[in-house]
Amino acid sequence: MHLLKQFSFSKRFPEIEVVGSAFAGKQDDLIPLSFGFPAPESLPVDKMTAATEAAMNTQGRQALAYSGGTGPKNILNWIKERSKLREIEATEKEIIVTAGSSQAIDLITRTLTDPGDEIWVEAPTFFGALKTFRLAETNLLSFPIDEHGLRVDLVEQELIQRVKNNLPLPKLMYIIPNYQNPGGVNLSIERRKRLAELAYEYNFFIIEDDAYVELSFNKNYTPAIYSFGPERVIYLSTFSKIIAPGLRLGWAIGLKEIIEKMQILKIDGLTSVYVQEVTKNLLEQIDMDEQINNLNSIYLSRKNAMVSAIKQHFGEDVSFHEPQGGFFLWLTFPDDIDTSEFVDAAMLAGVSYIAGKHFFLQNEGYNHMRLCFTFCEEEIIQEAIKRLAKTYYEHVNSKQMIEEAN
Ligand SMILES: Cc1ncc(COP(=O)(O)O)c(C=O)c1O
(Lines give C-alpha, C1' and ligand atoms only; values in the text may rest on other atoms or scores of the structure.)
Protein backbone atom coordinates (compact mmCIF):
# COMPACT_ATOMS: atom_id res chain seq x y z
CA MET A 1 0.00 0.00 0.00
CA HIS A 2 1.26 3.51 -0.85
CA LEU A 3 1.57 6.13 1.81
CA LEU A 4 -0.52 9.06 0.60
CA LYS A 5 1.56 12.20 0.19
CA GLN A 6 0.13 15.68 0.68
CA PHE A 7 -0.99 17.60 -2.39
CA SER A 8 -2.17 21.14 -2.89
CA PHE A 9 -5.00 22.58 -4.92
CA SER A 10 -4.43 25.20 -7.59
CA LYS A 11 -3.60 28.60 -6.13
CA ARG A 12 -5.95 29.99 -8.75
CA PHE A 13 -8.89 28.08 -7.28
CA PRO A 14 -11.32 30.83 -6.29
CA GLU A 15 -13.26 31.18 -3.09
CA ILE A 16 -16.75 30.45 -4.35
CA GLU A 17 -19.69 29.60 -2.18
CA VAL A 18 -21.37 26.43 -3.41
CA VAL A 19 -25.14 26.73 -3.32
CA GLY A 20 -25.48 23.09 -2.46
CA SER A 21 -27.06 22.93 0.97
CA ALA A 22 -30.27 21.80 -0.66
CA PHE A 23 -28.61 18.48 -1.39
CA ALA A 24 -26.72 18.10 1.87
CA GLY A 25 -28.06 15.31 4.07
CA LYS A 26 -30.59 14.35 1.44
CA GLN A 27 -33.14 12.12 3.11
CA ASP A 28 -35.71 9.82 1.55
CA ASP A 29 -38.76 11.90 2.33
CA LEU A 30 -37.18 15.23 1.33
CA ILE A 31 -39.39 17.30 -0.95
CA PRO A 32 -37.08 19.38 -3.11
CA LEU A 33 -38.37 22.85 -3.95
CA SER A 34 -34.86 24.17 -4.31
CA PHE A 35 -33.35 23.53 -7.72
CA GLY A 36 -35.06 24.14 -11.03
CA PHE A 37 -35.91 20.61 -12.05
CA PRO A 38 -38.50 19.79 -14.72
CA ALA A 39 -41.45 17.47 -14.03
CA PRO A 40 -39.86 13.99 -14.21
CA GLU A 41 -42.84 12.57 -16.14
CA SER A 42 -42.38 15.24 -18.82
CA LEU A 43 -38.97 13.88 -19.78
CA PRO A 44 -39.47 12.13 -23.13
CA VAL A 45 -37.84 8.80 -22.29
CA ASP A 46 -39.61 6.65 -24.91
CA LYS A 47 -39.28 9.21 -27.66
CA MET A 48 -35.62 9.62 -26.81
CA THR A 49 -35.08 5.87 -27.10
CA ALA A 50 -36.65 5.91 -30.56
CA ALA A 51 -34.65 9.03 -31.54
CA THR A 52 -31.42 7.38 -30.42
CA GLU A 53 -32.17 4.32 -32.49
CA ALA A 54 -33.04 6.42 -35.52
CA ALA A 55 -29.86 8.48 -35.10
CA MET A 56 -27.76 5.32 -34.95
CA ASN A 57 -29.51 3.76 -37.94
CA THR A 58 -29.35 6.79 -40.17
CA GLN A 59 -26.35 8.84 -39.02
CA GLY A 60 -24.53 6.34 -36.80
CA ARG A 61 -20.99 6.88 -38.08
CA GLN A 62 -21.50 10.62 -38.32
CA ALA A 63 -22.91 10.83 -34.80
CA LEU A 64 -20.05 8.88 -33.29
CA ALA A 65 -17.21 10.63 -35.10
CA TYR A 66 -15.55 14.01 -34.64
CA SER A 67 -17.44 16.44 -36.76
CA GLY A 68 -15.73 18.97 -38.98
CA GLY A 69 -16.66 22.63 -38.94
CA THR A 70 -19.39 23.81 -36.62
CA GLY A 71 -21.15 20.47 -36.24
CA PRO A 72 -24.50 19.08 -37.39
CA LYS A 73 -26.54 21.52 -39.43
CA ASN A 74 -30.04 20.38 -38.57
CA ILE A 75 -30.06 21.64 -35.02
CA LEU A 76 -28.82 24.99 -36.29
CA ASN A 77 -31.71 25.06 -38.74
CA TRP A 78 -34.19 24.26 -36.02
CA ILE A 79 -32.80 27.06 -33.82
CA LYS A 80 -32.88 29.48 -36.76
CA GLU A 81 -36.54 28.70 -37.50
CA ARG A 82 -37.70 28.70 -33.87
CA SER A 83 -35.94 32.03 -33.21
CA LYS A 84 -38.21 33.70 -35.76
CA LEU A 85 -40.98 33.38 -33.17
CA ARG A 86 -38.91 35.72 -30.99
CA GLU A 87 -38.48 38.08 -33.98
CA ILE A 88 -34.87 37.02 -34.35
CA GLU A 89 -33.44 36.62 -37.84
CA ALA A 90 -30.06 34.91 -37.68
CA THR A 91 -27.76 33.14 -40.11
CA GLU A 92 -25.96 29.89 -39.29
CA LYS A 93 -22.72 31.76 -38.71
CA GLU A 94 -24.42 33.80 -36.00
CA ILE A 95 -25.41 30.71 -33.97
CA ILE A 96 -23.31 28.46 -31.75
CA VAL A 97 -24.62 25.29 -30.08
CA THR A 98 -23.25 25.00 -26.56
CA ALA A 99 -23.23 22.52 -23.68
CA GLY A 100 -26.26 24.18 -22.10
CA SER A 101 -26.75 27.92 -22.00
CA SER A 102 -24.46 27.92 -18.94
CA GLN A 103 -21.54 27.26 -21.24
CA ALA A 104 -22.65 30.10 -23.50
CA ILE A 105 -22.58 32.52 -20.53
CA ASP A 106 -19.04 31.39 -19.76
CA LEU A 107 -17.86 31.68 -23.38
CA ILE A 108 -19.30 35.17 -23.78
CA THR A 109 -17.73 36.31 -20.53
CA ARG A 110 -14.33 34.99 -21.55
CA THR A 111 -14.69 36.42 -25.05
CA LEU A 112 -15.63 39.93 -24.01
CA THR A 113 -14.17 40.69 -20.59
CA ASP A 114 -10.85 40.97 -18.79
CA PRO A 115 -10.44 40.74 -15.01
CA GLY A 116 -11.64 43.98 -13.46
CA ASP A 117 -14.12 44.76 -16.26
CA GLU A 118 -17.65 45.65 -15.26
CA ILE A 119 -20.62 43.32 -15.67
CA TRP A 120 -24.02 44.65 -14.62
CA VAL A 121 -26.77 42.30 -13.52
CA GLU A 122 -30.28 42.27 -12.16
CA ALA A 123 -30.92 41.93 -8.42
CA PRO A 124 -31.95 39.19 -7.81
CA THR A 125 -30.47 37.05 -10.58
CA PHE A 126 -29.46 33.49 -11.53
CA PHE A 127 -26.63 32.40 -9.21
CA GLY A 128 -25.05 30.22 -11.92
CA ALA A 129 -24.35 33.35 -13.97
CA LEU A 130 -22.97 35.15 -10.90
CA LYS A 131 -20.58 32.26 -10.35
CA THR A 132 -19.33 32.50 -13.96
CA PHE A 133 -18.79 36.26 -13.70
CA ARG A 134 -16.96 35.90 -10.39
CA LEU A 135 -14.71 33.16 -11.80
CA ALA A 136 -13.80 35.60 -14.57
CA GLU A 137 -12.77 38.11 -11.85
CA THR A 138 -15.06 40.81 -13.17
CA ASN A 139 -16.52 43.65 -11.09
CA LEU A 140 -20.24 43.25 -10.61
CA LEU A 141 -22.93 45.83 -10.04
CA SER A 142 -26.63 45.07 -9.68
CA PHE A 143 -29.87 46.93 -10.37
CA PRO A 144 -33.27 46.13 -8.89
CA ILE A 145 -36.23 44.63 -10.71
CA ASP A 146 -39.89 45.45 -10.27
CA GLU A 147 -43.04 43.83 -11.71
CA HIS A 148 -41.99 45.00 -15.22
CA GLY A 149 -38.48 43.58 -14.93
CA LEU A 150 -35.13 45.36 -14.71
CA ARG A 151 -35.26 49.05 -13.69
CA VAL A 152 -33.72 50.24 -16.93
CA ASP A 153 -34.17 53.85 -15.76
CA LEU A 154 -31.70 53.20 -12.93
CA VAL A 155 -29.26 51.61 -15.36
CA GLU A 156 -29.48 54.73 -17.51
CA GLN A 157 -28.90 57.02 -14.52
CA GLU A 158 -25.80 55.06 -13.58
CA LEU A 159 -24.47 55.20 -17.16
CA ILE A 160 -24.92 58.98 -17.19
CA GLN A 161 -23.09 59.30 -13.86
CA ARG A 162 -20.28 57.05 -15.06
CA VAL A 163 -19.66 59.21 -18.11
CA LYS A 164 -19.88 62.41 -16.07
CA ASN A 165 -17.35 61.14 -13.53
CA ASN A 166 -15.12 59.46 -16.08
CA LEU A 167 -15.69 56.05 -14.51
CA PRO A 168 -15.68 52.68 -16.31
CA LEU A 169 -18.71 51.67 -18.33
CA PRO A 170 -20.00 48.08 -18.32
CA LYS A 171 -18.77 45.58 -20.88
CA LEU A 172 -21.79 43.33 -20.37
CA MET A 173 -25.29 43.55 -18.97
CA TYR A 174 -26.76 40.15 -18.06
CA ILE A 175 -30.53 39.93 -18.10
CA ILE A 176 -33.24 37.25 -17.97
CA PRO A 177 -36.15 38.97 -19.76
CA ASN A 178 -38.86 36.31 -19.45
CA TYR A 179 -40.06 34.63 -16.23
CA GLN A 180 -36.93 35.88 -14.57
CA ASN A 181 -35.00 33.49 -12.34
CA PRO A 182 -35.81 33.93 -9.51
CA GLY A 183 -38.22 36.92 -9.66
CA GLY A 184 -40.72 35.44 -12.14
CA VAL A 185 -41.24 38.83 -13.84
CA ASN A 186 -41.07 39.82 -17.53
CA LEU A 187 -39.30 42.82 -18.99
CA SER A 188 -41.74 45.24 -20.65
CA ILE A 189 -41.39 46.06 -24.33
CA GLU A 190 -40.56 49.71 -23.61
CA ARG A 191 -37.71 48.69 -21.31
CA ARG A 192 -36.43 46.18 -23.88
CA LYS A 193 -36.23 48.91 -26.51
CA ARG A 194 -34.60 51.39 -24.16
CA LEU A 195 -32.02 48.88 -22.92
CA ALA A 196 -31.06 48.04 -26.50
CA GLU A 197 -30.68 51.76 -27.27
CA LEU A 198 -28.46 52.21 -24.22
CA ALA A 199 -26.26 49.31 -25.34
CA TYR A 200 -25.56 51.12 -28.64
CA GLU A 201 -25.16 54.51 -26.99
CA TYR A 202 -22.75 53.33 -24.28
CA ASN A 203 -21.23 50.49 -26.29
CA PHE A 204 -21.84 47.45 -24.11
CA PHE A 205 -23.24 44.01 -24.90
CA ILE A 206 -26.41 42.59 -23.45
CA ILE A 207 -26.52 38.87 -22.63
CA GLU A 208 -30.21 38.08 -23.09
CA ASP A 209 -30.68 34.77 -21.27
CA ASP A 210 -34.05 33.53 -22.48
CA ALA A 211 -34.15 30.11 -20.80
CA TYR A 212 -37.85 30.29 -19.89
CA VAL A 213 -39.48 32.04 -22.87
CA GLU A 214 -41.42 28.97 -24.06
CA LEU A 215 -42.90 28.34 -20.62
CA SER A 216 -45.61 30.97 -20.93
CA PHE A 217 -48.96 29.98 -19.42
CA ASN A 218 -50.89 32.68 -21.27
CA LYS A 219 -48.86 32.46 -24.50
CA ASN A 220 -47.87 36.05 -24.11
CA TYR A 221 -44.66 36.70 -26.01
CA THR A 222 -42.75 39.96 -26.27
CA PRO A 223 -40.12 40.40 -29.01
CA ALA A 224 -36.62 39.55 -27.83
CA ILE A 225 -34.30 42.43 -26.85
CA TYR A 226 -32.12 41.05 -29.66
CA SER A 227 -34.76 42.13 -32.17
CA PHE A 228 -34.16 45.76 -31.10
CA GLY A 229 -30.35 45.54 -31.17
CA PRO A 230 -28.84 42.56 -32.98
CA GLU A 231 -25.33 44.10 -33.01
CA ARG A 232 -25.25 44.62 -29.26
CA VAL A 233 -27.26 41.67 -27.91
CA ILE A 234 -26.20 38.04 -27.56
CA TYR A 235 -29.30 35.93 -27.24
CA LEU A 236 -29.24 32.62 -25.33
CA SER A 237 -31.69 29.81 -24.94
CA THR A 238 -31.67 26.13 -24.06
CA PHE A 239 -33.28 22.74 -24.56
CA SER A 240 -33.04 22.21 -20.78
CA LYS A 241 -36.47 23.65 -20.02
CA ILE A 242 -38.35 22.34 -23.05
CA ILE A 243 -36.90 18.86 -23.55
CA ALA A 244 -34.43 17.76 -20.88
CA PRO A 245 -31.57 19.39 -18.93
CA GLY A 246 -29.55 16.17 -19.12
CA LEU A 247 -29.01 16.77 -22.85
CA ARG A 248 -26.78 19.73 -21.96
CA LEU A 249 -27.77 21.50 -25.13
CA GLY A 250 -28.22 25.24 -25.47
CA TRP A 251 -27.31 27.97 -27.93
CA ALA A 252 -26.17 31.53 -28.41
CA ILE A 253 -27.02 33.94 -31.23
CA GLY A 254 -24.89 36.99 -31.85
CA LEU A 255 -22.55 38.81 -34.18
CA LYS A 256 -20.51 36.46 -36.36
CA GLU A 257 -17.21 37.84 -34.98
CA ILE A 258 -18.30 37.04 -31.43
CA ILE A 259 -19.60 33.56 -32.26
CA GLU A 260 -16.29 32.76 -34.00
CA LYS A 261 -14.31 33.80 -30.92
CA MET A 262 -16.62 31.78 -28.65
CA GLN A 263 -15.95 28.77 -30.86
CA ILE A 264 -12.20 29.22 -30.35
CA LEU A 265 -12.58 29.36 -26.56
CA LYS A 266 -14.79 26.28 -26.53
CA ILE A 267 -12.20 23.84 -25.24
CA ASP A 268 -14.49 20.84 -25.60
CA GLY A 269 -14.17 21.53 -29.33
CA LEU A 270 -17.73 20.88 -30.27
CA THR A 271 -20.89 20.24 -28.31
CA SER A 272 -21.56 16.48 -28.34
CA VAL A 273 -22.26 15.48 -31.94
CA TYR A 274 -24.02 12.37 -30.67
CA VAL A 275 -26.44 14.37 -28.52
CA GLN A 276 -27.05 16.83 -31.33
CA GLU A 277 -27.85 14.04 -33.80
CA VAL A 278 -30.19 12.31 -31.34
CA THR A 279 -31.89 15.59 -30.47
CA LYS A 280 -32.31 16.41 -34.14
CA ASN A 281 -34.14 13.10 -34.59
CA LEU A 282 -36.28 13.81 -31.56
CA LEU A 283 -37.19 17.26 -32.88
CA GLU A 284 -38.30 15.65 -36.14
CA GLN A 285 -40.55 13.23 -34.26
CA ILE A 286 -42.23 15.45 -31.73
CA ASP A 287 -44.65 18.28 -32.21
CA MET A 288 -42.85 20.99 -30.27
CA ASP A 289 -45.98 23.08 -29.72
CA GLU A 290 -47.76 20.07 -28.27
CA GLN A 291 -44.73 19.33 -26.05
CA ILE A 292 -44.74 22.93 -24.79
CA ASN A 293 -48.52 23.01 -24.25
CA ASN A 294 -48.22 19.83 -22.26
CA LEU A 295 -45.42 21.25 -20.09
CA ASN A 296 -47.32 24.47 -19.53
CA SER A 297 -50.49 22.72 -18.46
CA ILE A 298 -48.54 20.66 -15.89
CA TYR A 299 -46.64 23.71 -14.65
CA LEU A 300 -49.67 26.00 -14.47
CA SER A 301 -51.52 23.54 -12.31
CA ARG A 302 -48.46 23.08 -10.02
CA LYS A 303 -47.96 26.82 -9.78
CA ASN A 304 -51.62 27.25 -8.82
CA ALA A 305 -51.29 24.49 -6.21
CA MET A 306 -48.25 26.20 -4.69
CA VAL A 307 -49.89 29.63 -4.70
CA SER A 308 -53.01 28.37 -2.94
CA ALA A 309 -50.98 26.35 -0.41
CA ILE A 310 -48.90 29.43 0.41
CA LYS A 311 -52.03 31.55 0.83
CA GLN A 312 -53.52 28.87 3.07
CA HIS A 313 -50.46 28.33 5.27
CA PHE A 314 -48.80 31.76 5.33
CA GLY A 315 -51.76 34.12 4.85
CA GLU A 316 -50.54 37.71 4.74
CA ASP A 317 -47.12 36.89 6.19
CA VAL A 318 -45.46 36.48 2.81
CA SER A 319 -45.94 38.33 -0.46
CA PHE A 320 -45.05 37.41 -4.03
CA HIS A 321 -45.59 38.30 -7.66
CA GLU A 322 -47.61 35.52 -9.25
CA PRO A 323 -45.64 34.47 -12.35
CA GLN A 324 -47.44 33.56 -15.58
CA GLY A 325 -44.74 31.10 -16.60
CA GLY A 326 -41.30 29.75 -15.81
CA PHE A 327 -40.24 27.59 -12.89
CA PHE A 328 -40.17 29.68 -9.73
CA LEU A 329 -42.03 31.54 -7.03
CA TRP A 330 -40.05 34.27 -5.28
CA LEU A 331 -41.32 34.89 -1.78
CA THR A 332 -40.81 38.00 0.32
CA PHE A 333 -40.93 37.65 4.11
CA PRO A 334 -40.94 40.47 6.67
CA ASP A 335 -37.75 42.57 6.71
CA ASP A 336 -36.35 41.07 9.91
CA ILE A 337 -36.44 37.50 8.55
CA ASP A 338 -33.31 35.82 7.22
CA THR A 339 -34.43 32.73 5.30
CA SER A 340 -30.91 31.24 5.44
CA GLU A 341 -31.41 30.78 9.21
CA PHE A 342 -33.98 28.01 8.77
CA VAL A 343 -32.70 26.19 5.67
CA ASP A 344 -31.33 23.38 7.84
CA ALA A 345 -34.46 23.16 9.99
CA ALA A 346 -36.55 22.94 6.82
CA MET A 347 -34.32 20.15 5.51
CA LEU A 348 -34.86 18.26 8.74
CA ALA A 349 -38.59 18.81 8.35
CA GLY A 350 -38.29 17.38 4.83
CA VAL A 351 -38.42 20.35 2.47
CA SER A 352 -35.67 22.28 0.66
CA TYR A 353 -35.58 25.77 -0.82
CA ILE A 354 -32.93 28.29 -1.77
CA ALA A 355 -32.38 31.24 0.56
CA GLY A 356 -32.72 34.68 -1.03
CA LYS A 357 -29.18 35.90 -0.35
CA HIS A 358 -27.72 33.58 -3.01
CA PHE A 359 -29.39 35.58 -5.78
CA PHE A 360 -27.72 38.87 -4.84
CA LEU A 361 -24.18 40.18 -5.00
CA GLN A 362 -23.73 40.77 -1.29
CA ASN A 363 -25.55 41.43 1.97
CA GLU A 364 -28.95 41.63 0.38
CA GLY A 365 -32.09 39.64 -0.14
CA TYR A 366 -32.10 37.86 3.22
CA ASN A 367 -35.87 38.01 3.55
CA HIS A 368 -36.52 36.22 0.24
CA MET A 369 -36.81 32.59 -0.73
CA ARG A 370 -36.99 30.81 -4.09
CA LEU A 371 -39.32 27.85 -4.54
CA CYS A 372 -39.46 25.69 -7.66
CA PHE A 373 -43.02 24.65 -8.53
CA THR A 374 -42.32 22.41 -11.53
CA PHE A 375 -40.81 19.25 -10.07
CA CYS A 376 -43.37 17.95 -7.58
CA GLU A 377 -46.98 16.91 -8.00
CA GLU A 378 -49.75 19.03 -6.51
CA GLU A 379 -50.35 16.96 -3.34
CA ILE A 380 -46.62 16.84 -2.64
CA ILE A 381 -46.43 20.60 -3.08
CA GLN A 382 -49.26 20.97 -0.53
CA GLU A 383 -47.33 18.85 1.96
CA ALA A 384 -44.07 20.72 1.25
CA ILE A 385 -45.65 24.11 1.94
CA LYS A 386 -47.22 22.76 5.12
CA ARG A 387 -43.78 21.61 6.31
CA LEU A 388 -42.24 24.90 5.27
CA ALA A 389 -44.84 26.94 7.16
CA LYS A 390 -44.40 24.83 10.29
CA THR A 391 -40.63 25.35 10.14
CA TYR A 392 -41.03 29.06 9.50
CA TYR A 393 -43.42 29.71 12.38
CA GLU A 394 -41.25 27.66 14.74
CA HIS A 395 -38.32 29.82 13.67
CA VAL A 396 -40.30 33.03 14.25
CA ASN A 397 -41.41 31.82 17.68
CA SER A 398 -37.94 30.85 18.81
CA LYS A 399 -36.57 34.18 17.53
CA GLN A 400 -39.23 36.00 19.54
CA MET A 401 -38.43 33.99 22.66
CA ILE A 402 -34.72 34.81 22.36
CA GLU A 403 -35.49 38.50 21.86
CA GLU A 404 -37.77 38.56 24.88
CA ALA A 405 -35.19 36.76 27.02
CA ASN A 406 -32.61 39.44 26.13
C1 LIG B 1 -31.73 31.85 -16.21
C2 LIG B 1 -31.03 30.56 -16.46
N3 LIG B 1 -30.07 30.51 -17.38
C4 LIG B 1 -29.42 29.37 -17.63
C5 LIG B 1 -29.72 28.21 -16.96
C6 LIG B 1 -28.91 26.98 -17.26
O7 LIG B 1 -29.43 26.31 -18.30
P8 LIG B 1 -28.63 25.15 -19.05
O9 LIG B 1 -29.13 23.86 -18.48
O10 LIG B 1 -29.00 25.34 -20.47
O11 LIG B 1 -27.17 25.35 -18.82
C12 LIG B 1 -30.70 28.21 -16.01
C13 LIG B 1 -31.00 26.97 -15.27
O14 LIG B 1 -31.51 26.92 -14.23
C15 LIG B 1 -31.37 29.41 -15.74
O16 LIG B 1 -32.31 29.49 -14.80
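All values derive from a computational prediction rather than experimental measurement.

J.: What's the story with the site of the ligand in this structure? I'm lost.
T.: As a matter of local geometry, the ligand sits amid 14 residues, with Ser102, Asp209, Tyr212, Thr238 and Ser240 nearest to it. Between the ligand and the protein, one listed contact pairs a nitrogen atom with a side-chain N or O atom of Asp209 at 2.6 Å. In the environment of the ligand, an oxygen atom lies 2.6 Å from a nitrogen or oxygen atom belonging to the side chain of Thr238. For the ligand, whose accessible area on its own is 400 Å², the fraction buried by protein is 92%. The element that contributes the greatest number of residues to the shell around the ligand is helix H3 (residues 100-112), accounting for three residues.

J.: Would you mind showing me how to read the side chain of Thr339 here?
T.: Here Thr339 shows up in the loop between strand S10 (328-332) and helix H10 (343-349). Thr339 gets classed as buried once you look at its relative accessible area, which sits at 0%. A polar contact of 3.4 Å, which involves the side chain of Thr339, links it to the backbone nitrogen of Gly356.

J.: Help me understand the domain arrangement of the protein in this model?
T.: The figure often quoted for interface size is the accessible area lost as the parts come together. Each assigned domain of the protein is listed with its residue range as follows: domain 1 (31-43 + 289-405) and domain 2 (69-269). Each of domain 1 and domain 2 has a C-alpha centre, and these two points are 27 Å apart. Counting residues at the interface gives 29 residues for domain 1 and 30 residues for domain 2. Broken down residue by residue, the surface that domain 1 buries against domain 2 is led by Gln324, Phe359 and Leu361, which jointly contribute 25%. Viewed at the interface, domain 2 and domain 1 are joined by one salt bridge. Note that Arg82 is salt-bridged to Asp289, the shortest N-O span being 3.3 Å. Counting the contacts that link domain 1 with domain 2 gives ten residue pairs in polar contact (both at pLDDT 80 or more). Those elements that place two or more of their residues in the side of domain 1 that touches domain 2 are helix H9 (288-314) and S10.

J.: When you look at the packing of aromatic side chains in this model, what are you seeing that I'm missing?
T.: The tally for this structure, following the rule as stated, stands at 26 aromatic pairs. Taking the centre distance of 5.5 Å and the plane angle of 70° together, the rings of Phe133 and Tyr174 count as edge-to-face. Residue Phe133 is located in helix H4 (residues 127-135), and its partner Tyr174 is located in strand S6 (residues 172-175); the two are separated by 41 residues in the primary sequence. Measuring from ring centre to ring centre gives 5.7 Å for Phe342 and Tyr392, while their planes differ by 55°; the resulting arrangement is tilted. Within this pair, whereas Phe342 is found in the loop between S10 and H10, its partner Tyr392 is found in helix H11 (residues 378-405), the two being separated by 50 residues in sequence. Judged by its relative accessible area of 1%, Phe342 is buried. These aromatic residues form a ring-pair network of at least three members: Phe35, Phe37, Phe126, Phe127, Trp330, Phe359, Phe360 and Phe375. Against the face of Tyr221 rests Arg86, its NZ or CZ located 4.9 Å from the ring centre.

Criteria and cut-off values
Residues numbered from 1 in each chain as written. Predicted model: local features only at pLDDT ≥ 70, side-chain atom pairs only at ≥ 80, totals over all residues. Heavy atoms only, no water. Near = heavy atom within 4 Å. Polar contact = N/O pair within 3.5 Å; in protein donor to acceptor, adjacent residues only side chain to side chain. Areas by Shrake-Rupley, 256 points an atom, 1.4 Å probe, with all protein chains shown as cover. Helix = DSSP H or I, 4+ residues; strand = E, 2+ residues; numbered from the N terminus. Buried < 20%, exposed > 50% of the residue type's maximum accessible area, 1.4 Å probe, protein only. Domains from an automatic or database assignment. Contact = heavy atoms within 4.5 Å. Buried area = accessible area lost by both parts, 1.4 Å probe. Salt bridge = Lys/Arg side-chain N within 4 Å of Asp/Glu carboxyl O. Phe/Tyr/Trp six-rings, centres within 6.5 Å; stacked < 30°, edge-to-face > 60°. Lys NZ or Arg CZ within 6 Å of the ring centre and 35° of its normal.

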